[in-house]
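# Report on the structure
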2 protein chains.
Amino acid sequence: MFTLDPRLQQDTIPAGELPLSRLLLMNDCSYPWLILVPRRPDIREIFQLDEADRGQLLHESTRLSQALYAICRPDKLNIAALGNVVAQLHLHHVARYRTDPAWPAPIWGRAPAVPYAPEAAKAFILQISAHLPELSPLTSP
Amino acid sequence: MFTLDPRLQQDTIPAGELPLSRLLLMNDCSYPWLILVPRRPDIREIFQLDEADRGQLLHESTRLSQALYAICRPDKLNIAALGNVVAQLHLHHVARYRTDPAWPAPIWGRAPAVPYAPEAAKAFILQISAHLPELSPLTSP
């Protein structure tokens, strides 16, 4: 059974469910930063998903990337499956700007997270939802 | 027309061509580190590829990931499309170990590259090639 890694749960705000993945907003308003977590147990690497799930993850990543571009108009997207700290497969999507605090370095491990004001997180998730018709409310813990 | 970004050309050793992507070995023997560059002009983001090319990139990434797992037996793979320095779409694949110089941080911008001895690079590319039947020798600059 799928359960979200406790560290991911602690560091993020749930944004909803896509057909394969849970969508999480990283609770760090330094960067527009969303994470897809396929609801499959015991998967650490993209290649360990079956072919249909891999295709679906790519589809969800593409839709999320397009939403981030449309809303945030970033200079660049950073998309990454790292997992050195949290091994459960999760795919980062970060909108980057030449003016952001870490540019041009990767964002991970740079600076302490700056938590969202609750209303700001809610507003951003609403904007994202408007671009992701397949997103439904969170159903399971 | 596709031409490889000069910075990628400078920092890597060509390993061959897959149906969509050029395969490059990062010239840094600190980590087993390979890069896929789709041979499509003016593409910066995965979502800008057409759907067939996106599927092919995922296929090539999966095969490369499986090859890295089989050869290197890493603790974790890191797969990332960043591009803050080199905007041309390129997908990093890095075999990570708990004992490597950057663990658990991401590898980018950590320490100066340690170039391969030519024979060691050649031997590693041969190992990778043996796991990638679709890889053919480099055809164009």
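Further up the page is the structure itself.
Residues numbered from 1 in each chain as written. Chains lettered and ligands numbered in written order. Predicted model: local features only at pLDDT ≥ 70, side-chain atom pairs only at ≥ 80, totals over all residues. Heavy atoms only, no water.

### Regarding the pattern of salt bridges
All names here are of chain A. Per the stated rule, a full pass over the model turns up 16 salt bridges over all chains. Residue Arg 98 pairs with Asp 75 through a salt bridge whose shortest N-O separation is 3.2 Å. Placement of Arg 98 in the loop between strand 5 (91–96) and helix 3 (118–131) and of Asp 75 in the loop between helix 2 (51–72) and strand 4 (76–81) is noted, with a sequence separation of 23 residues between them. A single network of salt bridges, built from pairs that share partners, joins Glu 17, Arg 22 and Arg 39. (Salt bridge = Lys/Arg side-chain N within 4 Å of Asp/Glu carboxyl O. Helix = DSSP H or I, 4+ residues; strand = E, 2+ residues; numbered from the N terminus.)

### As for the sheet that holds strand 5 (residues 91–96) of chain B
Taken together, ten strands build an open sheet; the order of strands is 1(A)-2(A)-3(A)-5(A)-4(A)-4(B)-5(B)-3(B)-2(B)-1(B) and the sheet is antiparallel. With partners counted over all chains shown, the strands left at the sheet margins are strand 1 (12–17) of chain A together with strand 1 (12–17) of chain B, one partner each. On average, each strand axis in the sheet is inclined to that of its neighbour by 20°, with strand direction left out of account. Bridge count for strand 4 (residues 76–81) of chain B against strand 5 of chain B is five bridges, and the pairing is antiparallel. Residue pairing in the sheet places Lys76(B) in a bridge with Arg96(B) of strand 5 of chain B. Contacts from helix 2 (residues 51–72) of chain B reach strand 2 (21–26), strand 3 (33–38), strand 4 and strand 5 of chain B, with the element oriented near 20° to strand 5 of chain B. (Pairing = 2+ DSSP bridges. Axes fitted to C-alpha atoms, helices over the stretch in contact; angles between N-to-C directions. Contact = heavy atoms within 4.5 Å.)

### Some details on the relation of the copies chain B and chain A
Least-squares fitting of chain B to chain A yields an RMSD of 0.0 Å, with the superposition described by an axial translation of 0.0 Å and a rotation of 180°. Viewed as a symmetry operation, the transformation between the two copies matches a two-fold axis. Among all C-alpha atoms of chain B, that of Ala80(B) lies closest to the rotation axis, at 2.0 Å. Taken as a fraction of all interface residues of chain B, those also at the interface in chain A reach 100%, which identifies the copy contact as same-surface. (Least-squares fit on C-alpha atoms with pLDDT ≥ 70 in both.)

### Structural notes on the packing of helix 2 of chain A against helix 3 of chain A
Residues and elements named next belong to chain A. It is at 9 Å that the axes of helix 2 and helix 3 come closest, and there the two elements cross at 120°. As the angle between them shows, helix 2 and helix 3 are arranged oblique. Handedness of the crossing formed by helix 2 with helix 3: right-handed. Each of Leu 64, Ala 67, Leu 68, Ala 70, Ile 71 and Cys 72 in helix 2 lies in contact with helix 3, whose residues at this interface are Phe 124, Gln 127, Ile 128 and His 131. For the contact of helix 2 with helix 3, the residue count by class is eight nonpolar, two polar and no charged. (Parallel < 35°, antiparallel > 145°, perpendicular 65-115°, else oblique. Left-handed = near helix turned anticlockwise from the far one by under 90°. Nonpolar A, V, L, I, M, F, W, Y, C, P; charged D, E, K, R; others polar.)

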